[in-house]
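# An overview of the molecular structure
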Amino acid sequence: MGKSKYSYRAENILEKTIDSLAQRREASVIVYILLLIFYLFASYIVSTTAGSDKSVMIGEDTVAVYVFTGVYSSVANLCIILMANFCGTIGFITSITAILIQIAMLLSGIFVRGNYSSLPGLVANIVTAVVVYVIFKKNRKQERYLKRIREQATADILTGLPNGFANSELIDALVKRKESFAVVSIDIDGFKSINDTVGFDMGNRVLIEIATIWKGIADRGLSRTLDFITRINGDEFTLIIRDFGSYDDIIKTIEQYKDALDRKINIDGYEFYLKASFGYAIYPIDAADGDAVFSHAVAAMKEVKRLGSGERILRFSSELLKDGNKLIIDNKIRDALQNDLIFFNLQPQYDMTHKLRGFEALARMKDSEGNVISPVEFIPAAERLGLIDEIDLMVYSKSAMFFGRLIKETGADIVLSINVSVKHLMKTNFIDEIKRLLKESGIPADHLEIEITESILLESPEKAIEGLNELKNMGISIAIDDFGTGYSSLSYLNSFPSDILKIDKSFIDRMNENDSSKKYVEAIISLAHVLDFKVIAEGAEVQEQLDTLRSIDCDYVQGFFWGRPLPEKEAEELVKSM
Ligand code: C2E
Ligand code: MG
Ligand code: MG
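Keep in mind the model is a prediction, meaning the values are calculated, not measured.

## Details of the overall build of the chain
Scanning the chain for helices and strands turns up 22 helices and 18 strands. Against the compact-globule benchmark of 25 Å for 578 residues, the chain has a radius of gyration of 38 Å, which places it well outside the compact range. Across its three principal axes, the chain shows a C-alpha extent of roughly 135 × 50 × 45 Å. Across the chain, contacts joining residues at least 24 apart in sequence account for 68% of those joining residues at least 6 apart.

Structural data, given as structure tokens:
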């Protein structure tokens, strides 16, 4: 796999940094030339003074010229040693060549002309040659050592990607050059549960696989920008994007990295469906220095996680700096619970002949000004605040009271489906709450359905199975919500006491894009049928999806095409019009 021009450019910057860190500096060309001139000059003096019978006056004394031969010969050798040590390979080659020529000349002087007065010079030159050789060996060793330090200092051991140090060095270098770039902070969703359920080794292999996929994009230059991907730690990665024409290019590049992950990944027979959250900030528009641009990207990524909505990419905005943002939603939740501002909508579910199967109750919340807030925003906040069970119960009791009355009045054979959060299901009194709900609303148990997400099963399988079995024994049905967004494999569903599989909207969205996506949904449906599950397709929005779902034997559909979430009055009219 070749490297993009960018990889080289980034590595160049890094290499310079590490060299300066390791404090090994090679002398400049000027020093090399100066040493060479000194050496040639000293050698010239040596050749003209050797054997001369002239003399010069120093003060009052007369000194024979040949006395200077030894002095200049030492200066020449010193130049050679300095060159070998400080002027890299070229210095070494020059010095070893010079010394060998000198030795050869002296040897020929001794053996051809019988000039034994060169003997001390010969010994001195041989000593110098040995010194040059030792210096060369020592430098080579140091270079290898430096190379290793360089690799260790900048590479992440697990994945082989550049690490956090490399990342911040590059950011600093780009800031110094005033080059515009985007920092993208990336976090793998639900990675902890992978580690918890299949172990660290498998978790590590998942990280290596992710790194390989992303490195492939960066190295092959598949995006139109110059990208540098690093692993910071755990399941956190960072992408630096350069050379973008417009801000749209940044988003396109991020989408490429996002989409590359958006498929089934197979490792040792385990199937993983990975998703990641991407937050980004642009230098110098969103932040004026390297630290800030990085931390702003992280803040944007955390916001993506907090919102937990379908949108996986978010650019930093100054709003995120105000922790007040969080505080506002927290206060709205408390306010809504106190002032009875939590209510519900009912979204119809149909079989393939368009016969009403029932409704899913979806939580809604109003703030004091009457704005309706999405559950995508307030459910995660309520979980964080430990208020999710209060919200759930509010939705359950309101929707169940309404639904109980409705089926009593109309005699309609329909089900009510309610959502439960992990944190709520794990509460010891959850079963008692449901029993009370059935009693107070008068809904027969086989007309109530509880939707759980895969994460419930992953976080505490035994406890979840125990509770779910008890519910099932009461006659309540259990649906697995958002199926496919975790990393479940169908085979392990066999051991869970559930009856319905709700295929996540993202699969339905892609189903008609290509044959393999369609086949994938088809396979889920037929396997689910083998395991005695009924299947609901979530989020069907167009006729074409409906046609496909019919052709691949789906049982039920819930989506905007046949019905949006309705206020209770409209839901009542719908049932009465059947
Ligand atoms: P979910 O249980 O998967 O509910 C389906 C979500 O998909 C609903 O969003 C629904 O409005 C939306 N949807 C259905 N069909 C379509 C379609 O054709 N197109 C599009 N674009 N969207 C469609 P909503 O109401 O925003 O709920 C979001 C999530 O909030 C739910 O996802 C559920 O996980 C959670 N939630 C909702 N109500 C409750 C509740 O009472 N308790 C708990 N714990 N969670 C709840
Ligand atoms: Mg649901
Ligand atoms: Mg769902």
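More follows now that the structure is in view.
## Thoughts on the domain arrangement of the chain
According to the domain assignment, the chain contains domain 1 (25–151), domain 2 (155–321) and domain 3 (341–578). A separation of 55 Å is found between the C-alpha centroids of domain 1 and domain 2.

## Here we look at a positive patch on the surface
On the surface, K137, R140, K141 and R144 cluster together into a positively charged patch. Here R140 shows up in helix α5 (residues 119–154). We classify R140 as partly exposed; its relative accessible area is 42%.

## Remarks on the side chain of T94
Assignment of secondary structure puts T94 in helix α4 (residues 88–111). For T94, a relative accessible area of 18% translates into the label buried. Within the local environment of T94, its side chain forms a polar contact with the side chain of Y32, the two groups lying 2.7 Å apart. Residues contacting T94, with those up to four places away along its chain left out, are Y32, L36 and M83.

## Brief notes about the coordination of the magnesium ion (ligand 3)
The coordination sphere of the magnesium ion (ligand 3) contains the protein donors D481 (OD), D482 (OD), E538 (OE) and E538 (OE), at a distance range of 2.0 to 2.6 Å. For the magnesium ion (ligand 3), the donor residues sit on a single chain with the sequence spacing D-D-x55-E. Taken as an interatomic distance, the gap from the magnesium ion (ligand 3) to the magnesium ion (ligand 2) is 4.1 Å; D481 donates to each of them. One end of the pair, D481, is in strand β15 (residues 477–483); the other, E538, is in strand β17 (residues 534–538), with 57 residues separating them in the sequence. The burial state of D481 is the same as that of E538; both residues are buried.

## A look at helix α15 (residues 430–441)
Given a rise of 1.5 Å per residue, 12 residues ought to cover 16 Å, and the 16 Å separating the end C-alpha atoms of α15 matches this to within 8%. Within α15 the residues assigned to the buried category are F430, I431, E433, I434, L437, L438 and S441. Burial along α15 is one-sided: seen end-on, the buried residues are contained in an arc of 160 degrees. Exposed and oriented more than 90 degrees from the buried face of α15 are K439 and E440. Positive backbone phi, approximately 75 degrees, marks G442, located one or two places after α15.

## Examining the environment of G484
Tracing the backbone shows G484 in the loop between β15 and α18 (490–493). With 358 residues separating them along the chain, G484 and I126 place their C-alpha atoms 76 Å apart. Those residues in contact with G484 that sit more than four places away from it in its chain are Y273, E454 and F507.

## Let's talk about the pairing of strand β6 (residues 264–267)
Of the two faces of β6, the one lined by I265 and I267 is fully buried and the one lined by K264 and N266 carries no buried residue. Pairing of β6 with strand β7 (residues 270–273), which is carried by 4 bridges, proceeds in the antiparallel orientation. Opposite N266, over in β7, you have E271 as the bridge partner. Once β6 ends, the chain turns through 2 residues before running back antiparallel as β7, passing D268 with a positive phi of about 50 degrees.

## Describing the sheet that holds strand β8 (residues 276–283)
Sheet architecture is open: 5 strands sit in the order β4-β5-β3-β8-β9, paired in mixed fashion. Lying at the two open borders of the sheet, with one neighbouring strand each, are β4 (226–233) and β9 (313–315). The sheet shows a mean angle of 20 degrees between the axes of neighbouring strands, taken without regard to direction. Note that strand β3 (residues 181–188) and strand β5 (residues 236–242) share 7 bridges and pair antiparallel. Note on β5: the bridge partner recorded for V183 is I240. Strand contacts of helix α6 (residues 164–177): β3, β4, β5 and β8, with the helix running at about 25 degrees to β5, the strand carrying the most contacts.

## A look at the site of ligand 1
Among the 24 residues in the neighbourhood of ligand 1, the closest are listed as E360, D392, D481, E541 and F560. Separating an oxygen atom of ligand 1 from a side-chain N or O atom of R364 is a distance of 2.9 Å. Between ligand 1 and S421 there is a distance of 2.9 Å, counted from a nitrogen atom to a side-chain nitrogen or oxygen. For ligand 1, whose free accessible area comes to 790 Å², the fraction covered by protein is 81%. Mapped by element, the contributors of at least two residues to the shell around ligand 1 are β11 (356–366), α12 (375–385), α13 (388–410) and β15. Of the residues forming the shell around ligand 1, the biggest block, 4 residues, is contributed by β11.

## Focus: the pairing of β5
Within β5, 6 of the 7 residues are buried, leaving the element largely enclosed by the surrounding structure. Relative to β5, β4 is paired through 7 bridges, and the arrangement is antiparallel. Residue pairing for β5: L226 is matched across the bridge by R242. Between β4 and β5, which pair antiparallel one after the other, the connecting turn spans 2 residues, and G234 there sits at a positive phi close to 50 degrees.

## Section: the packing of helix α3 (residues 67–86) against α4
One can describe the packing of α3 onto α4 by two numbers: an axis separation of 6 Å at closest approach and a directional angle of 150 degrees. By the criterion of interaxial angle, the relationship of α3 to α4 is roughly antiparallel. Crossing of α3 against α4: the hand is left-handed. Where α3 abuts α4, its residues N77, I80, M83, A84 and F86 lie against G88, G91, F92, T94, S95, A98, I99 and Q102.

## Digging into the environment of G308
On the secondary structure map, G308 appears in the loop between α10 (290–307) and β9. When the C-alpha atoms of G308 and D189 are compared, they prove to be 9.7 Å apart, with 119 residues separating the residues in sequence.

## A word on the pattern of salt bridges
Considering all chains together, one arrives at 31 salt bridges under this definition. With its nearest N and O atoms 3.6 Å apart, the salt bridge here joins K258 to D259. Judged by its relative accessible area of 21%, K258 is partly exposed. For D259, a relative accessible area of 43% corresponds to the partly exposed category. Between D547 and R550 there is a salt bridge, and its shortest N-O distance comes to 3.9 Å.

Each value, and the rule that gives it
- Residues numbered from 1 in each chain as written.
- Chains lettered and ligands numbered in written order.
- Predicted model: local features only at pLDDT ≥ 70, side-chain atom pairs only at ≥ 80, totals over all residues.
- Heavy atoms only, no water.
- Helix = DSSP H or I, 4+ residues; strand = E, 2+ residues; numbered from the N terminus.
- Rg over C-alpha atoms; globule rule 2.2 N^0.38 Å.
- Contact = heavy atoms within 4.5 Å.
- Domains from an automatic or database assignment.
- Patch = residues over 30% accessible without salt bridge, like charges linked within 9 Å, V, L, I, M, F, W, Y side chains within 5 Å.
- Areas by Shrake-Rupley, 256 points an atom, 1.4 Å probe, with all protein chains shown as cover.
- Salt bridge = Lys/Arg side-chain N within 4 Å of Asp/Glu carboxyl O.
- Lys, Arg positive; Asp, Glu negative; His and termini not counted.
- Charge placed at Lys NZ, Arg CZ, Asp CG, Glu CD.
- Buried < 20%, exposed > 50% of the residue type's maximum accessible area, 1.4 Å probe, protein only.
- Polar contact = N/O pair within 3.5 Å; in protein donor to acceptor, adjacent residues only side chain to side chain.
- Donors = N, O, S within 2.8 Å, 3.2 Å for Na, K, Ca; no water.
- Expected span 1.5 Å × (residues − 1).
- Arc of directions from axis to C-beta.
- Pairing = 2+ DSSP bridges.
- Axes fitted to C-alpha atoms, helices over the stretch in contact; angles between N-to-C directions.
- Near = heavy atom within 4 Å.
- Parallel < 35°, antiparallel > 145°, perpendicular 65-115°, else oblique.
- Left-handed = near helix turned anticlockwise from the far one by under 90°.

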